[in-house]
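# What the coordinates show
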Amino acid sequence: MENFPVINLEKLNGEERGATMEIIKDACENWGFFELINHGISHELMDTVERLTKEHYQKCMEQRFKELVATKGLEGVQTEVNDLDWESTFFLRHLPHSNISEIPDLQDEYRKVMKEFALRLEKLAEELLDLLCENLGLEKGYLKKAFHGSKGPNFGTKVSNYPPCPKPDLIKGLRAHTDAGGIILLFQDDKVSGLQLLKDDQWIDVPPMRHSIVINLGDQIEVITNGKYKSVMHRVIAQTDGNRMSIASFYNPGGDAFIYPAPTLVEKEADENDNLYPKFVFEDYMKLYAGLKFQAKEPRFEAMKAIESNVNVGPIATA
């Protein structure tokens, strides 16, 4: 089995830049996932985020989850469960407007630390988008501009815990899906595994690695790159032992951003692949995705193409 791509971002600053950019290119083209080390976010900040996240779960969410499991009788299931996930989650919104101050039960220290962490991740996401632009031959800033819409990008965080599960063969931590948005930055537990991606029809573990950030590409990157980079199916396998922490931050287009393949990535001569991807407004895609998250992405793209053919939509001016 090929090694899961791990990228040392510090090497972009020296003589190994070319080789590092090639690893990023290969990861985007063939994996849809890669893992970053030396990414510029301090280990101290990450350790604090992890400590406070686990404390918050134990104090405010663990008992609620146990009550939910008992109410639904999940510990005694005998057949596969396909309509829910074995996870305890809450969501934070950062852009265009933060809701961190409105989330109940968060300690002031936790709010402050998550705001700081989000700022660091936002900066890292925009750096990564420019690295993708460089590899794709797009002008610097193209992807950030494509995501902008009239109010800037959407950026938010899903904070999840995957508690020990008595029936991991019957209940998934998180069912298989591709991510709808742009670029996803994951800070995951370094001791309890569970995240897997689908590559060449095989489920492959995404290795837990201390202080790393796992990156994966969403459906919008696939559309804008005209399929050169693909979003990839992934899932979380529940474990019988250990509570897995997962903090996934989603750097997505603004709701009114107009998404379409970059013209320079569409072949000039007529080609059957040129018309694979639709043009659409991001929030329209999200409305469709909400009901079809755990299904294949291709019918979503086809549905958006059908909408496109019936509605005259045009590019929205970006700032």
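Fair warning: this is a prediction, and the values are worked out from it, not measured in the lab.

Conventions we followed
Residues numbered from 1 in each chain as written. Predicted model: local features only at pLDDT ≥ 70, side-chain atom pairs only at ≥ 80, totals over all residues. Heavy atoms only, no water. Core = buried A, V, L, I, M, F, W, Y, C linked by side-chain atoms within 4.5 Å. Buried < 20%, exposed > 50% of the residue type's maximum accessible area, 1.4 Å probe, protein only. Contact = heavy atoms within 4.5 Å. Pairing = 2+ DSSP bridges. Helix = DSSP H or I, 4+ residues; strand = E, 2+ residues; numbered from the N terminus. Axes fitted to C-alpha atoms, helices over the stretch in contact; angles between N-to-C directions. Phe/Tyr/Trp six-rings, centres within 6.5 Å; stacked < 30°, edge-to-face > 60°. Lys NZ or Arg CZ within 6 Å of the ring centre and 35° of its normal. Disulfide = S-S within 2.5 Å. Expected span 1.5 Å × (residues − 1). Arc of directions from axis to C-beta. Polar contact = N/O pair within 3.5 Å; in protein donor to acceptor, adjacent residues only side chain to side chain. UniProt positions renumbered as here; feature names shortened; annotations may be inferred. Parallel < 35°, antiparallel > 145°, perpendicular 65-115°, else oblique. Nonpolar A, V, L, I, M, F, W, Y, C, P; charged D, E, K, R; others polar.

Of all hydrophobic cores here, the largest spans 80 residues; its most connected members are F117, L128, I171 and I213. Among all residues touching I213, those that are not within four sequence positions of it are F34, E35, L36, H39, M46, F117, L121, L124, L185, L186 and F187. In terms of nonpolar packing, the next biggest core, distinct from the first, is built from 15 residues, F4, F33, L174 and L186 among them.

Right, let's get into the sheet that holds strand 7 (residues 195-199). Ordered in space as 5-10-7-8, the four strands form an open sheet in which the pairing is antiparallel. Sheet topology places strand 5 (174-177) and strand 8 (202-205) at the edges, where each strand pairs with a single neighbour. Each strand axis lies, on average, 25° off the axis of its neighbour in the sheet, ignoring direction. Pairing analysis gives two bridges linking strand 5 to strand 10 (residues 234-236), with the strands arranged antiparallel. Within strand 10, the position partnered with L174 by the bridge is V236.

Turning our attention to the packing of aromatic side chains. If you walk through the whole model with that rule in mind, you get nine aromatic pairs. Judged by centre distance (5.3 Å) and plane angle (40°), the rings of F258 and Y260 are tilted. Its guanidinium or amino end placed over the ring of W31, K199 lies 4.8 Å from that ring's centre, counting from NZ or CZ. Of note, R235 hangs over the ring of W203, and the distance from its end group to the ring centre comes to 4.1 Å.

In this section: the state of the cysteines. Taken as a whole and assessed by the stated rule, the structure comprises zero disulfides. C28 carries a free sulfur, and the closest cysteine sulfur to it, the one in C133, is 11 Å from it. Judged by relative accessible area, which is 1%, C28 ranks as buried.

Owing to its 3.6 residues per turn, the α-helix aligns residues three or four sequence positions apart on the same side. Between the first and last C-alpha of helix 7 (residues 298-310) there are 19 Å, a value that for 13 residues agrees with the 18 Å anticipated at 1.5 Å per step. Those residues of helix 7 lying buried are R300, F301 and M304. The buried residues of helix 7 occupy an angular sector of 100° when the element is viewed end-on, so they sit on one face. Facing away from the buried side of helix 7, by more than 90 degrees, are the exposed residues P299, S309 and N310. On its buried face, helix 7 is in contact with helix 5 (219-224), strand 13 (280-281) and helix 6 (282-292).

Position of E35 relative to the elements: it lies in strand 2 (residues 33-37). Given a relative accessible area of 0%, E35 falls into the buried group. Measuring from C-alpha to C-alpha, the distance between E35 and V206 comes to 8.6 Å, with 171 residues separating the pair along the chain. When residues no more than four places from it in sequence are discounted, the contact partners of E35 are F4, P5, V6, I7, Q188, V206, P207, P208, M209, S212, I213 and V214. A polar atom in the side chain of E35 sits 2.7 Å from the side chain of S212.

This part takes up the UniProt feature "domain: Fe2OG dioxygenase" (unreviewed entry) in the chain. Under the feature "domain: Fe2OG dioxygenase" (unreviewed entry), the UniProt entry names residues 153-253. Taken end to end, residues 153-253 comprises 6% helix and 45% strand; its first and last C-alpha atoms sit 5 Å apart.

Let us now look at the packing of helix 1 (residues 17-30) against helix 3 (residues 108-136). Following both chains from N to C, one finds helix 1 and helix 3 inclined at 90°, their axes separated by 10 Å at the closest point. By the criterion of interaxial angle, the relationship of helix 1 to helix 3 is roughly perpendicular. Between helix 1, through R17, M21, I24, K25 and C28, and helix 3, the contact on the second element is made entirely by L131, L132, E134 and N135. Its residues placed into classes, the contact of helix 1 with helix 3 shows five nonpolar, one polar and three charged.

The strand order 1-2-9-6-11-4-3 describes an open sheet built from seven strands, whose pairing is mixed. Because the sheet does not close on itself, it has two edges, and the strands there are strand 1 (6-8) and strand 3 (88-95). The mean angle between the axes of side-by-side strands here comes to 25°, regardless of whether they run parallel or antiparallel. Pairing of strand 6 (residues 183-188) with strand 9 (residues 213-217) involves four bridges; the strand directions are antiparallel. Paired with L186 across the bridge in strand 9 is V214. Contacting strand 3, strand 4 (154-162), strand 6, strand 9 and strand 11 (244-252), helix 2 (residues 43-72) crosses the sheet at an angle of about 130° to strand 3.

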